[in-house]
Structures are given as structure tokens and as C-alpha cells.
Amino acid sequence: AIAVLLLFGAVTLRIRARRMALRAFRRSHGRLDRYKLTRKAIVRETLLAEPEIAAAVREHAAEAGKSEDDTWRRVESYIDEIVPFFNLLTYYKVGLVVSRAVLNLFYKVSAEYAGHRQSELPRDSIVIYLMNHRSNADYVLVGYVLSGRVAISYAVGEWARIFPLEYIFKSFGAYFVRRKYRERLYHTVLERYVQLITRNGVTQGIFLEGGLSRDGKLGKAKIGLLDYLLGVARDPALRDRLHIVPVAINYDRVLEDRSLLRELDVREGRQRPPRFVQVGEVLSYVWWNMARLVARRWKRYGRAAVVIGEPFRVGPWIDQQNREVGNLFGIERSERLARIQELADEVLMRIAAIVPVTPVTLACAAIQSFDADFIAHDSLILRMEEMREVLAELNARVITHEGGVEETFDRAWRMLRMRRILVHSGAGYAVIPANRPLLSYYANSISHLLGPFAEGVRERDALPAMMAMR
């Protein structure tokens, strides 16, 4: 009798959870890729039946001198590691509520479309969002901004394979990728999984730089996952359905900016601080912000901005490549990758052109252009106004919600003062030398939009009329 009651209770909870999830999904007015709801066991069996994986198993077993049974067990462990288990309740009832609360606690979120919305694309479109990568908060930010449109499946690095992050990301539909892991067997499994979900219309998001920017500038485009995704275009029917959407992200404050700059220092040969110092910094940050919350002196970290660019079809590009080389997917892999690199670089240029200009990044770029330790207030405001006019001429995505230049600087000044980047001195502001790297970090995020201004050129007439790609 007890077992029956427990079973009945479990079934009742399951039904209620399903109803809650469906209600939350309908409230979001989003679109869900049906294949996301496919059980992990079915995805696993589909991958294990792939002839390409079977061939890779035989090859790996022969090269490593292991039995095929052992190699198949290795494949199963890779599948278990990569494949997520999307949970409707977790994503729409828990994830979106928490992300909305956390993002609005830390930031003033804004989103803008620089082109057509995804709803204007054909319903059978296979959409790939390619994004720049500023912060680990990007996963939450873009997912939140697009929650009313679609649930994105992300490729997540192995940094998140710790409890409870791994469970959370997988329940949101994210799949895990090992960076810089060269084993051919693993990459065959990953490629077949990525192509499986792409063929079934799952919307995916990829950070094109492959990792976080350490210096604030846009990095080089990485093409590994993009090559796997485009592999489905061997089928002409799928080729015509593929669309790429560039997405640009920027912040008034990147939560991990100091850690990223420290990693840059380590790469340049400087010594990393001891572990206890790093832990102390984290604890100090948490304590300080908790104290501000309790004392009701909490202030948000400014703007977190997303610009969603103009979608474009991949089919015409592939048709052009086929006219030039006969068959893009029939040539040597190195030559194919070189051509895909050109596509990735072009997308990165599109992302660069729509990177949102937030108050802090505009103020930092203006300060940086003086190349001085002291800047008069009037000169700084004038420089920001000149830069904003030029950016508007270039059709750059300047955040104008804050009002005029004076209001924009006031918002930036609060953050720069709190971060101890600037101090007020007489009729102007002095740059704290120890925090000049932070100043450069934020200025670098929009330096590609400003041309000679970013190099300290004073005259507005010296600015280029437009970026080369425009």
C-alpha cells in the first residue's frame, strides 16, 4: 500500500510539473525545437548506430592497440559527457525566472535588432547564432534576451563540468566541448552529435572567438564547431534552410574583468598571485556586495547590451564555393577549413560593426584618446560628444537610453569612481595608474569602431568615413 501511494504521489508530481512547465513555456511566447525534448537514451542509440563512429572506433582501436569493446565504452563515455537532457520546467520555470532576477539585479539589460527578427525567417529555418564572448554571463544574457523567441543550445567548455553547473547547463540544453583535445575519436563523436541536432532543426549558439576576450578586443574567429555545423549542408535540402545570425554583446562592467586581465599578465610572463590571495579577493568581493545589499546601497553595474544582427542564408555562400572548387565538401580538409575561416572572419566583422557602445566603454575610449593622466571635465565631455557623433554616422549601436552626453558620462562616472579607475580632481579627473589596464580593457571593446580616435588623434576630421566592410 505504501509503495502504491508513493507511486501515485510521484505520478501526480510529474503531471503537475509538466503542467507548470507548459504554462511557463506558453507565457514566454517562445518557439521550442521539438528535437530538444528527445530522450537522451534515443540520442545515444542514434549516435551509436552512426557508421562514421563505427569506422572511427575501428581506427582508434587499431592505433591504440585496444579492443573494440573498450573503445566502444570510451565512445559511450563521450556521449554521456556531451549530450544534454533538456528539461522544460528547469528552463522556462526556473532558469528564466532566476536569470531575469539576477540580470536585473546586476544590470540594466537592453536588446536591439539590427535586422529582421527570427520570427520573420521561414518556419523550417535552421538558425545558428554566432556571438562575441565578453563574459561567462553571456550564456544567461543572450538566453534571457531570446527567451521570447527560442531556447538556444550552447556549446559550453569543460570549465563548467563541475557540480552543480554541469547539471544546470545540461538541463538547459547545452552540450559540452573539450577545448584543445585532439583525439580523432572524440571529435568524430562530437561532430556527429552536432550534425544530428542541426539536421533536426535545433537552434544553436556559438561564441565565435572560442573563449573570453582577455584584453577587451575582439579575438580571432575559431572554426571547429562551425565546420561541423556546416557539414550538414552536404544535403541540398538542409543547405537552403541554414541561416546565420550575428550577435554582439557588451557590458558597462564585465564581472570577471580583473581575472581576465590577470590571465593576460600570466601569458606575458608575469607571475600569478597565490591561490589564497585570489580566494581572498573573491570573498572580499562577495562580502562587500552583500553588505551593500543589506545596507540598501546596492547599485547596478550599468548596462548589459545585446544587438542581434541581420540574418543571412548560408546556401548562397556554399553555392559560390562549389562553383569555385567543384564541391566544397569534396576538397582537402585544410583547403575547406581555409574557406570556412574566411566565412567566420566575415561574420566576426559583422559582429564588430554592431558591438553596442555603452556609457562606460564610450567614456573609457574618450579618456584613452587623450593619452594623459589628467583630463579636464569640459574636454572629456566634448570628446565623448565628438565620438558619439562619429559613431552615429557610422551607424554604430550607441546606447542612447541614458539621454545626452552629460547624462551618459554621469552614469559612466559612477562606475569608474566605484571601480577606482577615475578620481575627481579640481576641474577634471585623474586616472589611477594601477587601474589603467581596466580603462584600456573597456576602451578596446569599441576601439575598432573609432579608428584614429582610439590612437589618440584629436581632430574629428581625421576619422575614417566608414569601416572597410561597410
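Preceding this section is the structure that the text describes.
Quick summary incoming for the structure in this document.

Parameters and conventions
Residues numbered from 1 in each chain as written. Predicted model: local features only at pLDDT ≥ 70, side-chain atom pairs only at ≥ 80, totals over all residues. Heavy atoms only, no water. Helix = DSSP H or I, 4+ residues; strand = E, 2+ residues; numbered from the N terminus. Rg over C-alpha atoms; globule rule 2.2 N^0.38 Å. Contact = heavy atoms within 4.5 Å. Lys, Arg positive; Asp, Glu negative; His and termini not counted. Charge placed at Lys NZ, Arg CZ, Asp CG, Glu CD. Buried < 20%, exposed > 50% of the residue type's maximum accessible area, 1.4 Å probe, protein only. Polar contact = N/O pair within 3.5 Å; in protein donor to acceptor, adjacent residues only side chain to side chain. Salt bridge = Lys/Arg side-chain N within 4 Å of Asp/Glu carboxyl O. 1 Å grid on protein atoms, 1.4 Å probe; cavity = no way out; pocket = protein on both sides within 12 Å on 5 of 7 lines; lining within 4 Å. Points joined across faces, edges and corners; volume = space filled by probe spheres on them. Nonpolar A, V, L, I, M, F, W, Y, C, P; charged D, E, K, R; others polar. Axes fitted to C-alpha atoms, helices over the stretch in contact; angles between N-to-C directions. Parallel < 35°, antiparallel > 145°, perpendicular 65-115°, else oblique. Left-handed = near helix turned anticlockwise from the far one by under 90°. Phe/Tyr/Trp six-rings, centres within 6.5 Å; stacked < 30°, edge-to-face > 60°. Lys NZ or Arg CZ within 6 Å of the ring centre and 35° of its normal.

**Some thoughts on the overall build of the chain**
Line of reasoning, step 1. For the chain, the helix and strand inventory stands at 19 helices and 11 strands.
Line of reasoning, step 2. The C-alpha atoms of the chain give a radius of gyration of 25 Å, which matches the 23 Å a tight globule of 470 residues would have.
Line of reasoning, step 3. Expressed as lengths along the three principal axes of its C-alpha atoms, the size of the chain is roughly 75 × 70 × 50 Å.
Line of reasoning, step 4. Of the contacts formed within the chain by residues at least 6 apart in sequence, a portion of 76% connects residues at least 24 apart.
Line of reasoning, step 5. The positive charge centre, built from 71 side chains, and the negative charge centre, built from 54, are 9 Å apart in the chain.

**Here we look at the environment of L196**
Line of reasoning, step 1. In this fold, L196 is placed in helix α8 (residues 184-199).
Line of reasoning, step 2. Sequence separation between L196 and L47 is 149 residues; the distance between their C-alpha atoms is 8.3 Å.
Line of reasoning, step 3. Aside from chain neighbours lying at most four places away, what touches L196 is Y35, V43, T46 and L47.

**Details of the environment of R178**
Line of reasoning, step 1. In this structure, R178 sits in the loop between β4 (175-177) and α8.
Line of reasoning, step 2. By relative accessible area, R178 is classed as partly exposed at 24%.
Line of reasoning, step 3. Along the sequence, R178 and A56 sit 122 residues apart, while their C-alpha atoms lie 18 Å from each other.
Line of reasoning, step 4. Among residues more than four places away in sequence, those in contact with R178 are Y78, E81, E158 and Y186.
Line of reasoning, step 5. A distance of 2.7 Å separates a polar atom in the side chain of R178 from a polar atom in the side chain of E81.

**What to know about the environment of R383**
Line of reasoning, step 1. Along the chain, R383 turns up in helix α16 (residues 377-393).
Line of reasoning, step 2. Counting along the chain gives 227 residues from R383 to V156, while the straight-line C-alpha distance between them is 40 Å.

**Observations regarding the pattern of salt bridges**
Line of reasoning, step 1. Taken as a whole, this structure holds 24 salt bridges when the rule is applied.
Line of reasoning, step 2. Among the ionic pairs, E166 bridges to K170, the shortest N-O distance being 3.7 Å. Taken together, the residues span about one helical turn, with E166 and K170 both in helix α7 (residues 165-171) at a distance of 4 residues. Like E166, the residue K170 is buried in the burial classification.
Line of reasoning, step 3. Among the ionic pairs, R336 bridges to D227, the shortest N-O distance being 3.0 Å.

**Quick word on empty space enclosed by the protein**
Line of reasoning, step 1. Under the defined criterion, the tally for this structure stands at 2 cavities of 30 Å³ or more.
Line of reasoning, step 2. Taken as a whole, the largest cavity holds about 40 Å³ of empty space.
Line of reasoning, step 3. Of the residues that constitute the lining of the largest cavity, the class distribution is 3 nonpolar, 5 polar and 2 charged.

**Overview of the packing of helix α3 (residues 51-64) against helix α4 (residues 68-82)**
Line of reasoning, step 1. Packing of α3 against α4 brings their axes to within 9 Å, and their N-to-C directions diverge by 125°. Judged by the angle between their axes, α3 and α4 are oblique. The interaxial crossing formed by α3 with α4 has right-handed handedness. Only E68, T71, W72, R74 and V75 of α4 make contact with α3, whose side of the interface consists of I53, A54, V57, R58, H60 and A61.
Line of reasoning, step 2. Of the residues belonging to the contact of α3 with α4, the class tally is 6 nonpolar, 2 polar and 3 charged.

**Thoughts on unusual backbone geometry**
Line of reasoning, step 1. In this structure, P164 follows F163 across a cis peptide bond, with omega equal to 5°.
Line of reasoning, step 2. For P164, the location among the structural elements is in the loop between β3 (153-157) and α7.
Line of reasoning, step 3. One non-glycine residue, R420, lies in the positive phi region at around 60°.
Line of reasoning, step 4. Position of R420 among the secondary structure elements: in the loop between α17 (405-418) and β10 (422-425).
Line of reasoning, step 5. Judged by relative accessible area, which is 60%, R420 ranks as exposed.

**Some remarks on the side chain of E183**
Line of reasoning, step 1. Within the secondary structure layout, E183 lies in the loop between β4 and α8.
Line of reasoning, step 2. A polar contact is formed between the side chain of E183 and the side chain of Y78, at a distance of 2.6 Å.

**Some details on the packing of aromatic side chains**
Line of reasoning, step 1. For the coordinates displayed, the defined rule picks out 21 aromatic pairs.
Line of reasoning, step 2. Seen from their ring centres, F85 and Y167 are 5.2 Å apart, and the 50° between their planes marks the pair as tilted. Taken as a pair, F85 in the loop between α4 and α5 (88-106) and Y167 in helix α7 lie far apart in primary sequence, 82 residues in all.
Line of reasoning, step 3. Under the relative-accessibility criterion, Y167 is labelled partly exposed at 46%.
Line of reasoning, step 4. For the ring pair Y107 and Y251, a centre distance of 5.3 Å and an interplane angle of 50° mean the geometry is tilted. With Y107 in the loop between α5 and β1 (108-113) and Y251 in strand β6 (residues 242-251), this pair connects stretches of sequence that are 144 residues apart.
Line of reasoning, step 5. Ring pairing ties together the aromatic residues F106, Y107, Y251, W298 and Y301, which thus form one cluster.
Line of reasoning, step 6. Over the ring of Y186 we find R178, and its NZ or CZ is 5.4 Å from the ring centre.

Worth remembering: the numbers are spatial, not functional.
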